[in-house]
Amino acid sequence: MNDRKKHVVKMAHQLFIDKGFQSTSIQDILDYSGISKGTFYNYFSSKNELLIAIFKTVFSELATLRNELLIGQDRSDIEIFIKQIELQLKTNRKNKLITLFEEVLVSNDADLKQFIERGKVKNIHWVYLRLIDLFGEKKKDYLLDCAIMFMGMLRENLKFSLLTHDSNANLNHVVRYTVNRLVNMVNEVAVKDEQLISPLTLDSWFPDCKKNQHDFQKRIHHAIFTLKNKLGQNEQSASISLLDFIEEELLDTKKPRKFLIESALFSLNAQIEAILKEDLKKMESIVEAFFNSLDKTDK
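Attention in this report is confined to the structure presented alongside it.

Definitions and limits used
Residues numbered from 1 in each chain as written. Predicted model: local features only at pLDDT ≥ 70, side-chain atom pairs only at ≥ 80, totals over all residues. Heavy atoms only, no water. Phe/Tyr/Trp six-rings, centres within 6.5 Å; stacked < 30°, edge-to-face > 60°. Helix = DSSP H or I, 4+ residues; strand = E, 2+ residues; numbered from the N terminus. Buried < 20%, exposed > 50% of the residue type's maximum accessible area, 1.4 Å probe, protein only. Lys NZ or Arg CZ within 6 Å of the ring centre and 35° of its normal. Core = buried A, V, L, I, M, F, W, Y, C linked by side-chain atoms within 4.5 Å.

## A closer look at the packing of aromatic side chains
Throughout the structure, instances matching the rule amount to 11 aromatic pairs. A centroid spacing of 6.3 Å and a plane angle of 15 degrees characterise the contact between F59 and F115, whose relative ring orientation is stacked. With F59 in helix 4 (residues 47–68) and F115 in helix 7 (residues 110–135), the pair connects residues that are 56 residues apart, well separated along the chain. A centroid spacing of 5.4 Å and a plane angle of 70 degrees characterise the contact between F290 and F291, whose relative ring orientation is edge-to-face. Given the relative accessible area of 7%, F290 is considered buried. Here F291 falls in the buried class, since its relative accessible area comes to 6%. Three or more aromatic residues joined by ring pairs form one cluster here, namely F40, Y41, Y43 and F44. Over the face of the ring belonging to F21 we find K47, whose NZ or CZ atom lies 4.5 Å from the ring centre. Seen from the ring of F225, R75 lies directly overhead, with NZ or CZ sitting 4.9 Å from the centre.

## Focus on the nonpolar core
The tendency in soluble globular proteins is for nonpolar side chains to be buried side by side. The biggest cluster of nonpolar side chains holds 30 residues, and the ones touching the most others in it are F81, V127, L131, F150, L154 and L182. Listing elements by their share of this core, those giving two or more residues are helix 5 (78–94), helix 7, helix 8 (140–164) and helix 9 (171–192). For this core, the element with the most residues is helix 8, which contributes 9 residues. Ranked by size, the runner-up nonpolar core spans 27 residues in total, among them F21, I35, L50 and F101.

Right under this line is the structure:
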């Protein structure tokens, strides 16, 4: 996204916050961002597509910030998970995402609604993967249920805490309280061997994913995390940005563009120190195997 397009996204986001999505016209966006109608339609086919671009921008920034909290940390440290969830809530509040979500839900646009619902499922998937980090593979069969229940409890706890207190309700207290309930819940369902929804259901929730997608996600997450961890010590922000791009292209795009990923890997290889070359080679092997599997499936 070039700087001018980013500017339009930023200006439109502010307008949607101030006036509401439904009440903001395309002319309002043109006037506020200082662009022509032709430029607008060169970037976006509709106001709805612009809203999706806003959501994607916020989600991408959130993913980067959540990952940064893990750099140099133990993935099984529950305090890091609490910080990540608190960060997510603060990001939602800062960007007025809940208000925008509600406007989408009362609209008649099927594409917008589908995008929001898919975003909810992707967030549940992220929580599920983090719960595996926290509670281990042995409890994996129960953790999708727990991820769903945790997000439901968190949403309701936050809503009624705000009603009971005020708009400045302590997010950390709400998150910590809900995470404590989560720990008890995970232990209870594991002991009782109770399962409502199998994690295998994720395959049907993400129909565009290939059969080995979940294994690939875990491997590429680990490979990228390892490199970020080592790069973080030297504050090589350009290389970390390239890793963020590779991760987003591979995991958040229906059809990952191989030539772009290869270009990013080539740039990484030129930037990083020799001591990190072996880690990069491992990541390149995972990516190569992924594209080879796609080629075989398409034949």
